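So the chains spell out like this:
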Amino acid sequence: MKGSALSQLGRRTAEPAITWLMREALVRPGLISLAAGFTDNPSLPVEITRDIMADMLRSGKTGQPPLQYGTTAGDETLRALTARRLAQLDGQSPKAKAYSPSRMMITHGSQQFLYILTEILFDPGDIVLVEDPSYFVYLGIMQSHGIRGRGIRMEADGIDLAHLEATLEALKKSGELPRLKALYLVSYHCNPTGTTTAAAKKAAALKLLRRYEAARRSSDLFAGRRRLPRAAFCR
Ligand SMILES: Cc1ncc(COP(=O)(O)O)c(C=O)c1O
């Protein structure tokens, strides 16, 4: 039988630009690449990392756990510390539900988490709102999964809420609101803009999304459709 052995997802996947950007930076040592995310070599913390590793592997008690499997969601202490750090970055109480360690998951880099999240939440044809410009490697994951992206304009302190509202209104008018699944924000030190979205702005965006989600839910109920997952995630 003629045809591709690849899955539909595989066929939709193009070589990501990051592959070329990383390769160029590695094969041309003289090139100062501001695109591929490489850290300046001399500033890499070799000694500090060696000391931490030596300390960790000093005894069986401290050395065995990091060499052993852990739980799927990740190390409890690391999840608690991550939650505390996020609350601190947002200037919020660590006791707030949003910063519960049970909501944290440790993965091998954020790229893996983005991939898992995408598989769990989205179907081909769904719509995800993204910052314009947004992290281009995630846009590639969206493309592979057949997700349609809509850009939301940026201001100095994060997304333009008026443009978010106008986009939601346009989706409602065109009948596409039921396909909207998420607003993806790189909310701390955004790549590529460097913007950190203020916690108040994130809360305002969520309020807006909930308003449209409520409107959608009532029309879904009317049409006998099931409820769709919550429509927001931040990185
Ligand atoms: C916004 C953003 N998300 C995800 C990633 C991927 O991160 P990781 O190396 O942790 O998978 C990067 C890497 O530069 C990034 O800038």
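Sequence order as written defines residue numbering, which begins from 1 separately in each chain. Totals for whole chains, interfaces and linings use every residue, but because this is a predicted model, local features are given only for residues with pLDDT of at least 70 and side-chain atom pairs only at 80 or more, for both listing and counting. Values shown for side chains rest on all heavy atoms present in the structure; no hydrogens or waters enter the calculation.

Caption draft 1: Representation of the domain arrangement of the protein. Where a domain begins and ends is set by an automatic assignment or by a domain database. Segmenting the protein into domains produces domain 1 (46-103) and domain 2 (110-234). On a C-alpha basis, the centroid separation for the pair domain 1 and domain 2 is 29 Å.

Caption draft 2: Summary view of the nonpolar core. Membership of the largest hydrophobic core comes to 16 residues, with the highest contact counts inside it found for Leu114, Phe122, Val128, Tyr135, Tyr138, Met142 and Tyr184. A run of H or I in DSSP becomes a helix once it reaches four residues, and a run of E becomes a strand once it reaches two; helices and strands are each numbered from the N terminus. Elements supplying a minimum of two residues to this core: helix H6 (110-121), strand S1 (127-132), helix H7 (136-144) and strand S4 (180-185). If one sorts the elements of this core by residue count, H7 sits on top with 4 residues. Membership of the second largest hydrophobic core comes to 15 residues, among which are Leu171, Leu183, Leu185 and Tyr212. To define a nonpolar core, start from buried Ala, Val, Leu, Ile, Met, Phe, Trp, Tyr and Cys residues and group those joined through side-chain atoms within 4.5 Å. Only protein chains enter the accessibility calculation, which uses a 1.4 Å probe; a residue is then buried when its area is under 20% of its type maximum, exposed when over 50%, and partly exposed in between.

Caption draft 3: How the structure looks around a nonpolar patch on the surface. Only residues whose relative accessible area exceeds 30% and that form no salt bridge enter a patch; like-charged residues are grouped when within 9 Å of one another, and nonpolar side chains (Val, Leu, Ile, Met, Phe, Trp, Tyr) when within 5 Å. All accessibility values rest on the Shrake-Rupley procedure with a 1.4 Å probe; residue burial counts only the protein chains present in the view. Counted as salt bridges are all cases of a side-chain nitrogen of Lys or Arg within 4 Å of a carboxyl oxygen of Asp or Glu. On the surface, Met22, Leu26, Val27 and Phe38 cluster together to form a nonpolar patch covering roughly 380 Å² of accessible area. Among the structural elements, Phe38 can be located in the loop between helix H2 (17-27) and helix H3 (46-56). Note on Phe38: relative accessible area 39%, which makes it partly exposed.

Caption draft 4: Broad picture of the pattern of salt bridges. All chains considered together, the criterion is met by 12 salt bridges. One salt bridge connects Lys181 with Asp126, and the closest N-O pair in it is separated by 2.7 Å. Of this pair, Lys181 sits in strand S4 while Asp126 sits in the loop between H6 and S1, and the two are 55 residues apart along the sequence. Across the pair, exposure class does not vary: Lys181 and Asp126 are buried alike. In this structure, the salt-bridge partner of Arg150 is Glu176, at a minimum N-O distance of 3.5 Å. Linking Arg150 in strand S2 (residues 148-155) with Glu176 in the loop between helix H8 (161-173) and S4, this pair joins segments that are 26 residues apart in sequence. Arg150 sits in the partly exposed class, given a relative accessible area of 28%. Taken together, the shared-partner salt bridges in this structure form one network comprising Asp126, Arg179 and Lys181.

Caption draft 5: Region of interest: unusual backbone geometry. Here the residue pair Asp132 and Pro133 is connected by a cis peptide bond, since its omega of 10° sits within 30 degrees of zero. Along the polypeptide, Pro133 turns up in the loop between S1 and H7. Here the amide bond leading from Asn191 into Pro192 is cis, since omega sits at 20°, within 30 degrees of zero. Relative to the elements of secondary structure, Pro192 occurs in the loop between S4 and helix H9 (199-223). Residues other than glycine seldom take positive phi values, yet His189 does so here, at roughly 45°. The residue His189 is located in the loop between S4 and H9 in this model.

Caption draft 6: The arrangement of the layout of surface pockets in detail. By volume, the second largest pocket is sized at about 520 Å³. The way it works is a 1 Å grid over only the protein atoms, where trapped points that fit a 1.4 Å probe form a cavity and open points with protein on both sides within 12 Å along at least five of seven lines form a pocket, and then any residue with an atom within 4 Å of a point lines it. What lines the second largest pocket is a set of 19 residues, and nearest its centre among them are Gly70, Thr71, Gly74, Asp75 and Ile106. Broken down by secondary-structure element, the contributors of at least two residues to the lining of the second largest pocket are helix H4 (60-67), helix H5 (76-90) and H6. Looking at which element gives the most residues to the lining of the second largest pocket, the answer is H5, with 4 residues. For the lining of the second largest pocket, the residue count by class is 8 nonpolar, 9 polar and 2 charged. Grid points are joined across faces, edges and corners, and a volume is the space filled by probe spheres set on the points. Gly is placed with the polar residues, together with every amino acid not listed as nonpolar (Ala, Val, Leu, Ile, Met, Phe, Trp, Tyr, Cys and Pro) or charged (Asp, Glu, Lys and Arg).

Caption draft 7: A look at the pairing of S4. Where burial is concerned, most of S4 is hidden: 6 out of the 6 residues are buried. The pairing of S1 with S4 spans 4 bridges and is classified as parallel. Within S4, the position partnered with Leu129 by the bridge is Leu183. Two strands qualify as a pair provided DSSP detects at least 2 bridges between them.

Caption draft 8: Structural detail: the pairing of S2. Pairing geometry for S1 and S2, over 6 bridges, is parallel. Directly across from Val128, in S2, lies its bridge partner Gly149. For the segment spanning S1, H7 and S2, crossover handedness is right-handed. In terms of strand pairing, S2 meets strand S3 (residues 158-159) through 2 bridges, oriented antiparallel. Residue Glu155 lies in a different strand from S3, and its bridge partner there is Gly158. The turn joining S2 and S3, which pair antiparallel and follow one another in sequence, is formed by 2 residues. Note on handedness: a clockwise path from strand one over the helix to strand two, with the strands aimed away from the viewer, defines a right-handed crossover.

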